[in-house]
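Residue-level structural notes
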Amino acid sequence: MKTYLVTGGAGFIGSNFIHYMLKKHQDIRIINVDKLTYAGNLENLKGCENNENYEFVHADICDLAAVKEIFSKNEIDYVVNFAAESHVDRSIREPEVFVKTNVAGTVNLLNVAKDFWTIGEDEYRAGCKFLQISTDEVYGSLGQTGYFMETTPLCPHSPYSASKAGADMLVLAYFDTYKFPVNITRCSNNYGPYQFPEKLIPLMINNALNQKSLPVYGDGLNIRDWLYVEDHCKAVDMVIRDGKIGEVYNIGGHNERTNIDIVKTILAYIKELTGSLVDETLITYVKDRKGHDRRYGIAPDKIRKDLGWTPETTFDVGIKKTIKWYLENEGWVKNITNGQYKEYYQKMYGDR
Ligand code: NAD
Ligand code: TYD
């Protein structure tokens, strides 16, 4: 039975990953270590608590003693590091916390895993692996043509993407220097259930359902390559099992869209699904984000050729599923915007 240490498993992608893995594999154990920042929510893991193969540990990945204790109590086979500060807008206001968690937290995990997995000089217990969950944002911004490849030089622009790039360089340095068994995945923008309503898609769904204005940055023509979160989880599972040590894999949805197109699609589907009277008059163009990357696009050719992964969920199917989830889980969103996280949410996002 393999034991996975999943960090940040109470956040959006991490919680989807834990649900996906526990459903798919009966012969694994998952230890979820999460600091429960504003973005971490144990409600995301409803249904997992009673699974005997799942355990939650409330800890910070920067806390050396806490991470050591997890490794000394459990024989960890895989580290899957989702834990991060993940929101670009927040990184523009508070860069320091991004460096702390995303860079120093990753190094802390690398060091402890390396200590516990070492069996000789540059030799590690067979089958162990450290998977760093990164982002396509480390590559910077594209012009109208071309795609990010694994060989594209890193050129991050925001404090968020710069901190993720720093972590990636360290992970690769541990492979180059110590032959430490690592993989990195760099995915495009995810969407789906349990995403905190500060990111474009859940923010727009939530605002539209509440007849609030829909703040579109700049001209609305920035492009992102949207990936349904379950397709991402499947790719991560494949990389852990079959990814070649030391390699980077890009994961993208083959689904580039402008932000304004996303917002209009959400409005149209909300109308279709609920019969409500929302319309495009809710759209409000607002001041652009500082240093706003224009276009992200991934060619996921390597992961398709080497591991046989392709995105399976079309945007039409994925966005309808996502809107339905937010409609059926209004209490979940209310708990964030009006309940436990109200103060934080108000401070950061005001009336947005
Ligand atoms: P999220 O913000 O929803 O969740 C992050 C989780 O990490 C939360 O549960 C939070 O409590 C936890 N966390 C934060 N700091 C921590 C610390 N110091 N110690 C322990 N736990 C801590 O993020 P997400 O959208 O689920 O993203 C997960 C990963 O995927 C991140 O590494 C992010 O960079 C990457 N990623 C996300 C996207 C996306 O579209 N969401 C795209 C590309 C890459
Ligand atoms: P976001 O979900 O923050 O992801 P990222 O910046 O990591 O790609 O934003 C996605 C795109 O949507 C990005 O171009 C910024 C834009 N955006 C808006 O136009 N309005 C908003 O309120 C938000 C949160 C994002």
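First, a word on scope: everything that follows refers to the structure included in this document. (Residues numbered from 1 in each chain as written. Chains lettered and ligands numbered in written order. Predicted model: local features only at pLDDT ≥ 70, side-chain atom pairs only at ≥ 80, totals over all residues. Heavy atoms only, no water.)

Under the counting rule described, the total for this entry stands at 19 salt bridges. Residue D60 is joined to K35 by a salt bridge in which the shortest nitrogen-to-oxygen separation is 3.5 Å. You can see D60 sitting in the loop between β3 (54-58) and α2 (64-73) and its partner K35 sitting in the loop between β2 (28-34) and β3, a full 25 residues away along the chain. We classify D60 as buried; its relative accessible area is 18%. R90 is the partner of E94 in a salt bridge, and the nearest nitrogen-oxygen pair spans 3.4 Å. Residue class for R90 comes out buried when judged on its relative accessible area of 7%. Ionic contacts of the salt-bridge type, sharing partners, join the residues K24, D237 and R241 into one network. (Salt bridge = Lys/Arg side-chain N within 4 Å of Asp/Glu carboxyl O. Helix = DSSP H or I, 4+ residues; strand = E, 2+ residues; numbered from the N terminus. Buried < 20%, exposed > 50% of the residue type's maximum accessible area, 1.4 Å probe, protein only.)

We now examine the packing of α2 against helix α4 (residues 95-117). With their axes 10 Å apart at the nearest point, α2 and α4 run at an angle of 35 degrees to one another. Pair α2 / α4 crosses with right-handed handedness. Note on element contacts: α4 touches α2 through N108, L109, V112, A113, F116 and W117, opposite L64, V67, K68, F71 and S72. In terms of residue class, the contact of α2 with α4 is made up of 8 nonpolar, 2 polar and 1 charged. (Axes fitted to C-alpha atoms, helices over the stretch in contact; angles between N-to-C directions. Left-handed = near helix turned anticlockwise from the far one by under 90°. Contact = heavy atoms within 4.5 Å. Nonpolar A, V, L, I, M, F, W, Y, C, P; charged D, E, K, R; others polar.)

Inspection of the region around ligand 2 gives 19 residues, with E137, P215, R224, R289 and H292 positioned closest. One of the side-chain N or O atoms of R224 is found 2.7 Å from an oxygen atom in ligand 2. Mapped onto the shell around ligand 2, the elements with two or more residues apiece are α6 (200-209) and β10 (214-217). Broken down by class, the residue content of the shell around ligand 2 amounts to 8 nonpolar, 5 polar and 6 charged. (Near = heavy atom within 4 Å. Polar contact = N/O pair within 3.5 Å; in protein donor to acceptor, adjacent residues only side chain to side chain.)

This structure, assessed with the given rule, holds 21 aromatic pairs. Aromatic pair F130 and F180: ring centres 6.3 Å apart, planes at 55 degrees, arrangement tilted. Taken together, the positions of F130 in strand β7 (residues 129-135) and F180 in the loop between α5 (159-178) and β8 (182-187) put the pair 50 residues apart, joining distant regions of the chain. For F130, a relative accessible area of 0% translates into the label buried. (Phe/Tyr/Trp six-rings, centres within 6.5 Å; stacked < 30°, edge-to-face > 60°.)

I13, D34, S86, Y160 and K164 are the nearest of the 29 residues found near ligand 1. Interatomic distance of 3.0 Å between a backbone N/O atom of F12 and an oxygen atom of ligand 1. Broken down by secondary-structure element, the contributors of at least two residues to the shell around ligand 1 are α1 (12-24), β7 and α5. The greatest single-element share of the shell around ligand 1, amounting to 3 residues, is contributed by β7.

A few words now on unusual backbone geometry. Despite not being glycine, L36 has its phi angle at roughly 55 degrees, a positive value. Structurally, L36 is set in the loop between β2 and β3. For L36, a relative accessible area of 28% translates into the label partly exposed. Notably, K179 is not glycine yet its phi reads approximately 55 degrees, a positive angle. Tracing the backbone shows K179 in the loop between α5 and β8.

A few words on the sheet that holds β2. Sheet architecture is open: 7 strands sit in the order β3-β2-β1-β4-β7-β8-β13, paired in parallel fashion. Each edge of the sheet is formed by a strand with only one pairing partner; in this case those strands are β3 and β13 (248-251). Averaged over all pairs of adjacent strands, the angle between their axes in this sheet comes to 20 degrees, without regard to strand direction. Where strand β4 (residues 78-81) meets β7, 4 bridges bridge the pair, whose relative direction is parallel. In the strand pairing of β7, V79 is matched with F130. Against the sheet, α1 touches β1 (2-7), β2, β3 and β4, its axis set at about 170 degrees to β2. Taken strand by strand, helix α7 (residues 229-242) contacts β1, β2, β4, β7, β8 and β13, and its axis lies near 145 degrees from that of β7. (Pairing = 2+ DSSP bridges.)

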